[in-house]
Amino acid sequence: MKESSNKKIAANTILLYIRMLLTLVISLYTVRVVLKTLGVVDYGINNVVGSVVTMLAFLSNTMASASQRFFAFEIGRNNVENLKKVFSTSLMIYALIALIVFILAESVGIWFLDNYVNLPSNRFEAAKWVYQFSIFSFILTMFAIPYNALIMAHEKMKFYAYVGIVEVSLKLFVVFVLVYFSYDKLKLYGALTFLVTLVITLTYILFCYYRFAESKFKFAWDSKLFREIAGYSGWSLFGATTTVFNNQGLNLLLNIFFGPVINTARGIAYQVNSAVSAFVTNLFNAVNPQIVKSYAENDLDRQRSLIMSSTKIGYALLLILSLPIALQARFILELWLGNKVDNHMIVFTQLVLLFTLINVFEGPLSQAVRATGIIKSYQLNIGIVTLAILPISYVILKLGGSPESPFYVMIAIYFLAMFLRLNILSKLIEFPVRLYLNTVFYRAIILSIVAAILPMIINHFLTTTGFISFLITTVSSSLSILVVFFYGMLDKNEKSLIILFVKKNVLKRDSDG
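Residue numbers run consecutively from 1 along every chain, following the written order of its sequence. Given that the model is predicted, a residue must reach a pLDDT of at least 70 before its local features are reported, and side-chain atom pairs must reach 80 or more before they are shown or counted; all residues, however, enter totals for whole chains, interfaces and linings. Hydrogens are left out, water is left out, and the side-chain values use all remaining heavy atoms of the structure.

Structural notes on the overall build of the protein chain
Along its length, the protein chain carries 18 helices and zero strands. A total of 513 residues make up the protein chain; the buried ones form 54% of that total. Here the accessible surface of atoms and residues is derived via Shrake-Rupley with a 1.4 Å probe, and residues count as covered only by protein chains that are part of the display. About 23,400 Å² of surface is accessible on the protein chain, with carbon and sulfur atoms providing 66% of the total. Note on conventions: DSSP H or I runs of at least 4 residues are helices, E runs of at least 2 residues are strands, and numbering of each starts at the N terminus. With a 1.4 Å probe rolled over the protein chains alone, any residue whose accessible area is under 20% of its type maximum counts as buried; one over 50% counts as exposed, and the rest are partly exposed.

In structure tokens, the structure reads:
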């Protein structure tokens, strides 16, 4: 059973990585063309006003994880009838959430846009178009969440990968349309982005409708189940909203204090980060259903093993990608964007990558909490602590702080929140906090510093610039991290599994050739 599950994790991870690589290449190209076509100011406007679309990916993934927990739990227990009820109840809850958000967005949101967002007067109408299309995209995404979660819970990663490729291909088509049509490009970009969301949402719904019997909505009121899922989803939404509130709140603060050009720099930094962190997200997406199913089967030893191993591998993978990008940020951004790179883009990119490294530990731990179904204390406490980022950042900016200062605040708060996450998890399950801190968290930080010394020295003394310099930095970083983490981070069983995987999939292939 464990061997079969491990093979499924490996297969799903490979599929998601193929999807991610194709998505990465197309996404990086489209961002470059969109920035060039819209211009720095309109790109910044889209980033701050249309940030509803940006937050959709995060909010949708987080809420899908909430639904996925219930679906995976019932699949683990092989309870088909209850799975049908859980799906229909989830769909009703998300429809209700969508309605509430729509009312708030069309009232409070419009008022805030009219009175507080820093926009050029001649682009205000276009900004409102982008805002409305963003709201419509949000409504569609909320309805798609239970269907998306069902696909993930059933671990149908092949279909998920294909749809992801179709989605980025449609976004590439949007870019071509944007270039060749003379209509107001910001308005057109908002409308076409909405159409892409519509097509993808309908694709998920139709696939589930014809593939999974439980996805056919049937109204059946179960007040106990509704309260359970609504409470769980509500607290998941609270946690997701605090993260979105921080991200978009900081975006608005930067807009108010420094204008849309700084929003463009921040948007570029997060595009780079999104591309890099997708590698780890795909790993966690493959592991998450197994973390829940292990809990449902009361196999807590396997659950703990999955949490620790996926965190170690995820962190090492993210560091391999992040370190050369941080050291060679100017070259990469100039290669990507041409001569539109400023110092804020470079520093923002470096700081966001550091934040993501600190926050990578959160994924498996949060999934372990979700598996228990008892998330109120976790979401409330973490949410309150992380919400401190906004007022602290506001005070610092008001006192004359630089545009980079909110990023430092965010990194510090999330570092401290890590210890709170572990404390809450240890009260829900028998989780070895001290072992985790010593063998995963602290060790990862120490080994990161050790592994970074050699590539930083090499990068400092390089006399060449451009691609050769980037290649040398990347190779030295990768080798240093792989060696240090293999011998210093992994336990005996993890090393054996990796050696076995290499022998079966790499060395065997070479010998066959």
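Some words on helix H12 (residues 362-372)
Counting buried positions along H12 gives ten out of eleven residues, so the element sits mostly inside the fold. Buried within H12 we find Gly-363, Pro-364, Leu-365, Ser-366, Gln-367, Ala-368, Val-369, Arg-370, Ala-371 and Thr-372.

Notes on the confidence of the model for the protein chain
Summarising the model, the protein chain shows a mean pLDDT of 80, and 87% of its residues fall at 70 or more. Each residue carries a pLDDT score, the predictor's confidence in it, ranging from 0 to 100. Note on contacts: a residue pair is in contact if any heavy atoms of the two residues lie within 4.5 Å. Scored below 50 in pLDDT, residues 509-513 makes zero contacts in the model with residues more than four places away or belonging to other chains.

Topic: the packing of aromatic side chains
Any two rings among Phe, Tyr and Trp, with Trp reduced to its six-membered ring, count as a pair given centres within 6.5 Å; such a pair is stacked if its planes are under 30 degrees apart, edge-to-face if over 60, and tilted if neither. Per the stated rule, a full pass over the model turns up 26 aromatic pairs. Here Phe-361 and Phe-441 contribute two aromatic rings whose centre-to-centre distance is 4.8 Å and whose plane-to-plane angle is 80°, an arrangement assigned as edge-to-face. With a gap of 80 residues between them, Phe-361 in the loop between helix H11 (343-359) and H12 and Phe-441 in helix H16 (residues 433-461) connect regions that are remote in the sequence. Neither residue differs from the other here; Phe-361 and Phe-441 are each classed as buried. Site record: aromatic cluster; members linked through ring pairs are Tyr-315, Phe-361, Phe-415, Phe-419, Phe-441, Tyr-442 and Phe-485. Cation placement over rings: the criterion is NZ of Lys or CZ of Arg within 6 Å of the ring centroid and within 35° of the ring normal. Directly above the ring of Trp-129 sits Lys-187, whose terminal nitrogen or CZ lies 4.7 Å from the centroid.

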